[in-house]
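One-letter residues, chain by chain:
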Amino acid sequence: MAEEHDTIDGFFCPNKILMDNKTAKAPRKTRGTKRMKDESGFFDWLAPHYDRLETALDPTRFQAHSVLLDILNALDPKPERILDLGIGTGMLAQQVLELLPDSRLIGIDGSLRMLESARLNLVDFTDRITLAKCDFRDPWEQIIEEPLDCIINYSSLHYLPHHAIRELFSRLANVLRPGGWFIHGDIISLQLPEPVLRISESIKRLQEESAKMDLGNDAELLDELEQILQRDKSTGRLTDNPAFTEQQVAWLIDAGFEFAVRVFQDWQVSLYIARKPE
């Protein structure tokens, strides 16, 4: 394995990450969480805890990931050039790379700490991946060297304003090849009758309580996570305004996709598949 370096200034290879066309120092590790809470944003703080907290944050994540992977496996021809939008710690990307051995994957994320975790988790795939640090509203298209076969996203866009999501959908369509696919999963808003809403909220509470029991002493991290989330919302660093399913489908069609279909939904998440016209 290549020697680790502090400086992160280029393409993943495997100890480097392309970031914002400039050299930057990797954040130094600190003891405890207080300093991270004071200095880091929501996703940077979440990164070292993410895989541990995932069942509490999204109880049906594994089910939704399974559906997404089934779709990828059923595509013909199999996608070879893939973009993971909001790669996080690389959990889904690892499953994709294992499922599609001829694929190459570009992963982008706005959190350097998330990318550092992904770099470690994907060390067995260093010859097939590129990681880049950028906000989704940045000109990330500059690292796309040829049209993509498929773009995947899971639970990373609902923190963007709606106008930014609509613009992003158009940009995604532009980097796909004709006939390319976008598999998009995200937190949603639901308009439910009051009796059904009470059922939904009861299920969510039970899921949260079960997840906290599984976390044991780490359950207090959820409270700290909520404090950081609310802080970033209050400063405008994050928004959290999930769109309705009907909005997502309409925005995808307006962005130039031939169709957009919801293929999975639970009380919090929907999964869509859209294709660019041939």
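Asker: Is there a simple way to explain the overall build of the chain in this structure?
Answerer: A count of helical and extended segments in the chain gives 10 helices and 10 strands. Buried residues in the chain amount to 50% of all 278 residues. A separation of at least 24 residues holds for 71% of the contacts in the chain among residues at least 6 apart in sequence. For the chain, the accessible area works out to roughly 13,900 Å², and carbon and sulfur atoms hold 48% of it.

Asker: Please explain the packing of helix 7 (residues 162–175) against helix 10 (residues 245–254) as it appears in this structure.
Answerer: For any two helices packed against each other, one specifies the inter-axial angle together with the distance between the axes. Packing of helix 7 against helix 10 brings their axes to within 8 Å, and their N-to-C directions diverge by 40°. Between helix 7 and helix 10, the interaxial angle falls into the category oblique. Note that helix 7 runs across helix 10; the crossing there is right-handed. Residues H162, I165, R166 and F169 of helix 7 pack against Q247, Q248, W251, L252 and D254 of helix 10. Counted by class, the contact of helix 7 with helix 10 contains 4 nonpolar, 3 polar and 2 charged residues.

Asker: I keep staring at the packing of aromatic side chains and nothing clicks. Help me out?
Answerer: Note on aromatic pairs: each is described by the distance of the centres and the angle between the planes. Scanning the entire structure with this criterion turns up 3 aromatic pairs. Put simply, the rings of F169, F182 and F257 pair up and form one aromatic cluster.

Asker: How should I be thinking about the packing of helix 3 (residues 50–57) against helix 8 (residues 194–215) in this particular structure?
Answerer: Their axes nearest at 8 Å, the elements helix 3 and helix 8 cross at an angle of 155°. One finds that helix 3 runs roughly antiparallel with respect to helix 8. Seen from helix 3, the contacting residues are R52, L53, T55 and A56; seen from helix 8, they are A211, D214 and L215. By residue class, the composition of the contact of helix 3 with helix 8 is 4 nonpolar, 1 polar and 2 charged.

Asker: Help me out: how do you make sense of the pattern of salt bridges in this one?
Answerer: Once the charged atoms of two side chains with opposite charge are near each other, the side chains can pair. Applying the stated rule across the entire model yields 10 salt bridges. Between E146 and R81 there is a salt bridge, with its nearest N and O atoms 4.0 Å apart. You can see E146 sitting in the loop between strand 6 (129–133) and strand 7 (148–154) and its partner R81 sitting in strand 4 (residues 81–85), a full 65 residues away along the chain. Taking relative accessible area as the criterion, R81 reaches 26% and is therefore assigned partly exposed. Residues joined by salt bridges that share partners form a network here, namely R81, E146, D149 and R177.

Asker: How should I be thinking about the pairing of strand 7 in this particular structure?
Answerer: Within a regular strand, side chains alternate between the sheet's two faces. Most of strand 7 is tucked away, with 7 of its 7 residues classed as buried. Pairing analysis gives 4 bridges linking strand 4 to strand 7, with the strands arranged parallel. Bridge pairing links D84 to I152 in strand 7. Both strand 7 and strand 8 (residues 176–187) contribute to a ladder of 6 bridges, which runs parallel. Bridging across to strand 8, I152 finds its partner in I183. For the crossover from strand 7 across helix 7 to strand 8, the handedness is right-handed.

Asker: Would you explain the environment of K204 in this entry?
Answerer: With respect to the helices, strands and loops of the structure, K204 is situated in helix 8. Its relative accessible area of 28% is what places K204 among the partly exposed residues. Along the backbone, K204 and A56 are 148 residues apart, and their C-alpha atoms lie at a distance of 9.9 Å.

Asker: Looking at this structure, how should I read the side chain of N153?
Answerer: Mapped onto the elements, N153 comes out in strand 7. Among the residues examined, N153 registers a relative accessible area of 0% and is labelled buried. Among the polar contacts made by the side chain of N153, one reaches the side chain of H184 at a distance of 2.7 Å. Here N153 is in contact with L68, L85, F182, I183, H184 and G185, once residues within four sequence places are set aside.

What counts and how
Residues numbered from 1 in each chain as written. Predicted model: local features only at pLDDT ≥ 70, side-chain atom pairs only at ≥ 80, totals over all residues. Heavy atoms only, no water. Helix = DSSP H or I, 4+ residues; strand = E, 2+ residues; numbered from the N terminus. Buried < 20%, exposed > 50% of the residue type's maximum accessible area, 1.4 Å probe, protein only. Contact = heavy atoms within 4.5 Å. Areas by Shrake-Rupley, 256 points an atom, 1.4 Å probe, with all protein chains shown as cover. Axes fitted to C-alpha atoms, helices over the stretch in contact; angles between N-to-C directions. Parallel < 35°, antiparallel > 145°, perpendicular 65-115°, else oblique. Left-handed = near helix turned anticlockwise from the far one by under 90°. Nonpolar A, V, L, I, M, F, W, Y, C, P; charged D, E, K, R; others polar. Phe/Tyr/Trp six-rings, centres within 6.5 Å; stacked < 30°, edge-to-face > 60°. Salt bridge = Lys/Arg side-chain N within 4 Å of Asp/Glu carboxyl O. Pairing = 2+ DSSP bridges. Right-handed = clockwise from strand over helix to strand, strands pointing away. Polar contact = N/O pair within 3.5 Å; in protein donor to acceptor, adjacent residues only side chain to side chain.

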